Amino acid sequence: MALTLEHVSKRFGSLVAIKDLSLTFERGAIYSIIGPNGAGKSTVVNMVAGSYTVTSGVIRLDAHVVSSLAKHQIARLGISRTYQNLRLFDGMSVLENLEVCFFTDSLPGLFRRGGHRMTKVERLKRCHACLHDFNLADVAENLAGDLPYGRQKVLELARAFVTDAPVVLLDEPAAGLNHTETKEMARRIASLKRSDRAIILVEHDMDLVMSISDRVDVLNHGELLYSGSPDAVRRNEKVQEAYLGTAAELDIVRKLTEGRRTSGGIRAHAGVVRH
Ligand SMILES: Nc1ncnc2c1ncn2[C@@H]1O[C@H](COP(=O)(O)OP(=O)(O)OP(=O)(O)O)[C@@H](O)[C@H]1O
């Protein structure tokens with residue numbers, strides 16, 4: 001039982017963002033997709049979640065072809081996600097931000113469990129358990145927009161898990177976090193690994209990626225450059241050449257600028273560090 005990408009390609013006009021990509025993600029593991037800026041990582045997440053259509057190929061969740069479904073149908077099947085940039089409802093409370101995840105009819109892209117409409121009591125019980133698990137119970141009634149950035153990232157994470165989705169896509173969960181918060185985020189994500197769930201993350205922080213991933217998939221120019229265990233990826237010369245050398249340099253920049261809030265993390269593009 002798995003999420004599979006079978007010969008998936010994505011074009012934006014003349015640009016081939018993803019080229020003939022085939023990957024399988026089984027439940028019970030944490031996967032990371034890494035690669036240079038523009039490699040196609042977010043495009044993969046966006047295709048799986050239904051934000052982008054595929055140009056060719058098929059994406060399946062078990063027996064379901066998800067690549068022909070709308071975003072809210074995919075969410076309902078059990079694929080939830082976070083975004084590179086926070087997408088919380090700032091004017092709603094922390095608790096309400098979790099509650100809305102159960103209504104996909106009115107809010108496409110958010111998740112309602114397998115077509116079963118839970119009672120309000122069931123939903124609230126689940127949300128409160130989630131607040132407790134994610135250490136957010138003390139701010140349940142606060143406005144999401146009033147939380148410090150680090151806790152907003154935790155809330156965003158909690159939203160992806162509150163509905164118990166079997167596939168969770170995390171797009172740069174550590175973007176903009178300082179070193180301590182990033183370590184805490186890594187610990188938190190690792191603790192969310194379960195035999196009935198696949199966690200797939202796109203992340204530039206190599207310490208986080210290497211410390212929690214069961215498998216790392218390296219993309220370069222929209223193609224799979226290498227796939228393997230963190231150790232194997234670290235040792236691979238092609239990966240070092242295409243990405244990890246740059247990532248190590250970036251890590252130095254990140255540490256120097258640690259704790260500064262950014263919209264999409266501190267990332268390099270053609271040698272330019274963006275804030
Ligand atoms: N909606 C879009 N329209 C046109 N081009 C796009 C769109 N989304 C992505 N692209 C292009 O597709 C390529 C892959 O982009 P993508 O965002 O998937 O890369 P990435 O690996 O996630 O990069 P980053 O690490 O910077 O987030 C890039 O050349 C990007 O400019």
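Going by the annotation in an unreviewed UniProt entry, the name recorded for the protein is ABC transporter ATP-binding protein, with Microvirga aerophila given as the source organism.

On to the packing of helix H5 (residues 149-161) against helix H6 (residues 179-191), then. At a minimum axis separation of 11 Å, H5 and H6 run at an interaxial angle of 15 degrees. In terms of orientation, H5 lies roughly parallel with respect to H6. Like other packed secondary-structure pairs, H5 and H6 cross with a definite hand, here right-handed. For the pair H5 and H6, the contacting residues are Gly150, Lys153, Val154 and Leu157 in the first and Glu181, Met185, Arg188 and Ile189 in the second.

What follows deals with the site of the ligand. Taken together, the neighbourhood of the ligand is formed by 16 residues, with Asn37, Gly38, Lys41, Ser42 and Thr43 sitting nearest. A distance of 2.8 Å is found between an oxygen atom of the ligand and a backbone nitrogen or oxygen belonging to Gly38. Tyr52 places a polar side-chain atom, nitrogen or oxygen, 3.0 Å from a nitrogen atom of the ligand. Every element with two or more residues in the shell around the ligand is listed here: strand S2 (15-26) and helix H1 (41-48). Take the shell around the ligand: its biggest share by element is three residues, from H1. A class-by-class count of the residues in the shell around the ligand yields six nonpolar, seven polar and three charged.

Turning our attention to the confidence of the model for the protein. Of the residues in the protein, 84% reach a pLDDT of 70 or more, and the chain-wide mean stands at 86. Here residues 105-115 is modelled with pLDDT under 50, and outside its nearest four sequence neighbours on either side it reaches 36 contacts, counting other chains as well. For residues 261-275, every residue scores under 50 in pLDDT, and the model assigns this stretch 33 contacts once sequence neighbours within four places are set aside.

A positive phi angle, close to 50 degrees, is found at Asp20, a residue other than glycine. Inspection of the secondary structure puts Asp20 in strand S2. Judged by its relative accessible area of 47%, Asp20 is partly exposed. Despite not being glycine, Asn135 shows a phi value in the positive range, around 60 degrees. The topology assignment puts Asn135 in the loop between helix H4 (120-133) and H5.

Calculation rules
Residues numbered from 1 in each chain as written. Predicted model: local features only at pLDDT ≥ 70, side-chain atom pairs only at ≥ 80, totals over all residues. Heavy atoms only, no water. Axes fitted to C-alpha atoms, helices over the stretch in contact; angles between N-to-C directions. Helix = DSSP H or I, 4+ residues; strand = E, 2+ residues; numbered from the N terminus. Parallel < 35°, antiparallel > 145°, perpendicular 65-115°, else oblique. Left-handed = near helix turned anticlockwise from the far one by under 90°. Contact = heavy atoms within 4.5 Å. Near = heavy atom within 4 Å. Polar contact = N/O pair within 3.5 Å; in protein donor to acceptor, adjacent residues only side chain to side chain. Nonpolar A, V, L, I, M, F, W, Y, C, P; charged D, E, K, R; others polar. pLDDT = per-residue confidence, 0-100. Buried < 20%, exposed > 50% of the residue type's maximum accessible area, 1.4 Å probe, protein only.

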